[in-house]
Amino acid sequence: MPSDTSAFDLTGRLALVTGSTRGIGRRLAEGLSAAGATVIVHGRDAASASAVADEIGTTTGNPAHAAAFNVTDEAAVDTGIAAIEAGPGTVDVLVNNAGMQIRHPFTEFPTADWNTLIATNLTSAFLVSKRVAAGMIARGGGRIVNIGSVQSQLARPNITPYAATKGGIVMLTKGLCAELAPHGITANAIAPGYFATELTQALVDDAEFSAWVAGRTPAARWGDVADLVGPLVFLASDASSFVNGQILYVDGGMTAVV
Ligand SMILES: NC(=O)c1ccc[n+]([C@@H]2O[C@H](COP(=O)([O-])OP(=O)(O)OC[C@H]3O[C@@H](n4cnc5c(N)ncnc54)[C@H](OP(=O)(O)O)[C@@H]3O)[C@@H](O)[C@H]2O)c1
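Everything numeric in this text was worked out from a predicted model, so none of it was measured.

1. Description of the overall build of the chain
If you tally the helices and strands in the chain, you get eight helices and seven strands. Taken over the C-alpha trace, the chain has a radius of gyration of 18 Å; the compact-globule value for 258 residues is 18 Å, and the two agree within 12%. Across the 258 residues that make up the chain, the buried fraction comes to 48%. Nonlocal contacts in the chain, meaning residues at least 24 apart in sequence, comprise 74% of its contacts between residues at least 6 apart. Between the centroid of the 15 positive side chains of the chain and the centroid of its 22 negative side chains there is a distance of 4 Å.

2. Remarks on the site of the ligand
The local shell around the ligand holds 30 residues, among which Thr-21, Ile-24, Arg-44, Tyr-162 and Thr-197 are the closest. Ile-24 has a polar backbone atom sitting 2.7 Å from an oxygen atom of the ligand. A distance of 2.6 Å is found between an oxygen atom of the ligand and a side-chain nitrogen or oxygen belonging to Tyr-162. Contact with the protein chains hides 95% of the accessible area of the ligand, taken as 900 Å² for the molecule alone. Counting residues per element, the ones that place at least two in the shell around the ligand are α1 (23-34), β2 (38-43) and α5 (160-180). Classifying every residue of the shell around the ligand gives ten nonpolar, 16 polar and four charged.

3. Here's the deal with the packing of α1 against helix α2 (residues 46-60)
Packed helices, taken two at a time, are described by their axes: the angle between them and the distance between them. Following both chains from N to C, one finds α1 and α2 inclined at 40 degrees, their axes separated by 10 Å at the closest point. Taken together, α1 and α2 sit at an angle that is classed as oblique. Crossing of α1 over α2 shows right-handed handedness. Together, Arg-26, Ala-29, Glu-30, Ser-33 and Ala-34 of α1 and Val-52, Glu-55, Ile-56, Thr-59 and Thr-60 of α2 make up the contact between the two elements. Split into classes, the residues belonging to the contact of α1 with α2 amount to four nonpolar, three polar and three charged.

4. Brief notes about the nonpolar core
Core analysis: the largest hydrophobic core is formed by 30 residues, its most contacted members being Leu-28, Leu-32, Val-39, Val-95 and Ile-190. Elements represented by at least two residues in this core include exactly β1 (14-17), α1, β2, α2, β4 (93-96), β5 (142-147) and α8 (229-236). Ranked by the residues each element gives to this core, the list is headed by α8, at five residues. Excluding residues within four positions of it along the chain, Ile-190 makes contact with Val-145, Asn-146, Ile-147, Gly-148, Ser-149, Leu-228, Pro-231, Leu-232, Leu-235, Leu-248 and Val-250. Residues Ala-76, Val-77, Leu-127 and Ile-185 belong to the second largest nonpolar core, which totals 26 residues.

5. Some details on the packing of aromatic side chains
Aromatic ring pairs are defined here through the distance separating the ring centres and the angle between the ring planes. Within the structure shown, the criterion is met by six aromatic pairs. With centroids separated by 5.7 Å and ring planes inclined at 85 degrees, the aromatic side chains of Tyr-194 and Trp-212 adopt a geometry described as edge-to-face. Taken together, the residues Tyr-194 in the loop between β6 (185-192) and α6 (201-204) and Trp-212 in helix α7 (residues 207-216) connect sequence positions 18 residues apart. Judged by centre distance (5.3 Å) and plane angle (45 degrees), the rings of Phe-209 and Trp-212 are tilted. Linking Phe-209 with Trp-212, this pair stays in helix α7, spanning three residues, or about one helical turn. Members of the aromatic cluster, joined through ring pairs, are Tyr-194, Phe-209, Trp-212 and Trp-222.

6. A word on the pairing of β2
Across the six residues that make up β2, a large majority, five, are buried. Relative to β2, β1 runs parallel, the two sharing four bridges. What sits directly across from Ala-15, in β2, is Val-39. A crossover links β1 with its parallel partner β2, the connecting element being α1, and its sense is right-handed. As paired elements, β2 and strand β3 (residues 65-68) share four bridges and run parallel to each other. Residue Gly-43 lies in a different strand from β3, and its bridge partner there is Ala-68. In this region the chain leaves β2, passes through α2 and returns to the parallel neighbour β3; the handedness of that crossover is right-handed.

Reading guide: rules and limits
Residues numbered from 1 in each chain as written. Predicted model: local features only at pLDDT ≥ 70, side-chain atom pairs only at ≥ 80, totals over all residues. Heavy atoms only, no water. Helix = DSSP H or I, 4+ residues; strand = E, 2+ residues; numbered from the N terminus. Rg over C-alpha atoms; globule rule 2.2 N^0.38 Å. Buried < 20%, exposed > 50% of the residue type's maximum accessible area, 1.4 Å probe, protein only. Contact = heavy atoms within 4.5 Å. Lys, Arg positive; Asp, Glu negative; His and termini not counted. Charge placed at Lys NZ, Arg CZ, Asp CG, Glu CD. Near = heavy atom within 4 Å. Polar contact = N/O pair within 3.5 Å; in protein donor to acceptor, adjacent residues only side chain to side chain. Areas by Shrake-Rupley, 256 points an atom, 1.4 Å probe, with all protein chains shown as cover. Nonpolar A, V, L, I, M, F, W, Y, C, P; charged D, E, K, R; others polar. Axes fitted to C-alpha atoms, helices over the stretch in contact; angles between N-to-C directions. Parallel < 35°, antiparallel > 145°, perpendicular 65-115°, else oblique. Left-handed = near helix turned anticlockwise from the far one by under 90°. Core = buried A, V, L, I, M, F, W, Y, C linked by side-chain atoms within 4.5 Å. Phe/Tyr/Trp six-rings, centres within 6.5 Å; stacked < 30°, edge-to-face > 60°. Pairing = 2+ DSSP bridges. Right-handed = clockwise from strand over helix to strand, strands pointing away.

Here it is, written out as structure tokens:
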């Protein structure tokens, strides 16, 4: 095991980032590519995934691949991962990032929206991890990084189902550690604070909410998606070989203070 910074080098690793056509996932995919990994850009729309893969390849000089499938549909996941294995190869690094937000007061929350959130934010990570881990076990190693949230630990009004999904990500991560560590696989989570992306654009544009974010965060600002790249490269690389089942909050200190 190298003890210098070469432990962070991802050259030769194949990395799938679900939901990487925009937002946090896109920046994470670009960061892994810049660190040497061959990345697979993923979303539901094949044209968007291909376009972003081309852009990342141009930016980093490291050609990227594209994949399109719905992470809530087990048959589509099986077909999509099989196509990756038949093409670029077995996934070494899986980042379960695809997710969404729906807001309603709890007593008015449509059950259909609860089901959509559970499927998109939690069942997705179960399905993709289950399918990808089979290949990792056969190869004797791999890295799974789930994307949680400060809502993995902290609730807020109007997003109770979202918080439930992100709390579920914590225990899914620990369960993956318990079951997969004997196969040389690590499973950890990154839990971002408030980051300016398309998912949060309405909140970013809300001056009162943005002031709350700045006041509630010791770092006194929204997160920049670039802030997530270093933590992900660490968790995707040999540098984190003995780090397993952990939740790394990247939140400017928000969850450290009341
Ligand atoms: N933004 C924040 O401040 C923040 C904070 C904490 C945690 N997070 C978490 O970070 C992750 C990414 O958030 P984001 O803000 O970057 O979201 P985003 O900008 O809305 O992007 C979501 C991505 O997921 C894909 N996706 C959504 N549903 C999918 C499905 N059923 N099948 C396949 N792909 C799907 C989307 O692609 P298509 O629509 O093309 O399929 C898109 O690429 C989420 O897990 C979110 O909960 C975000």
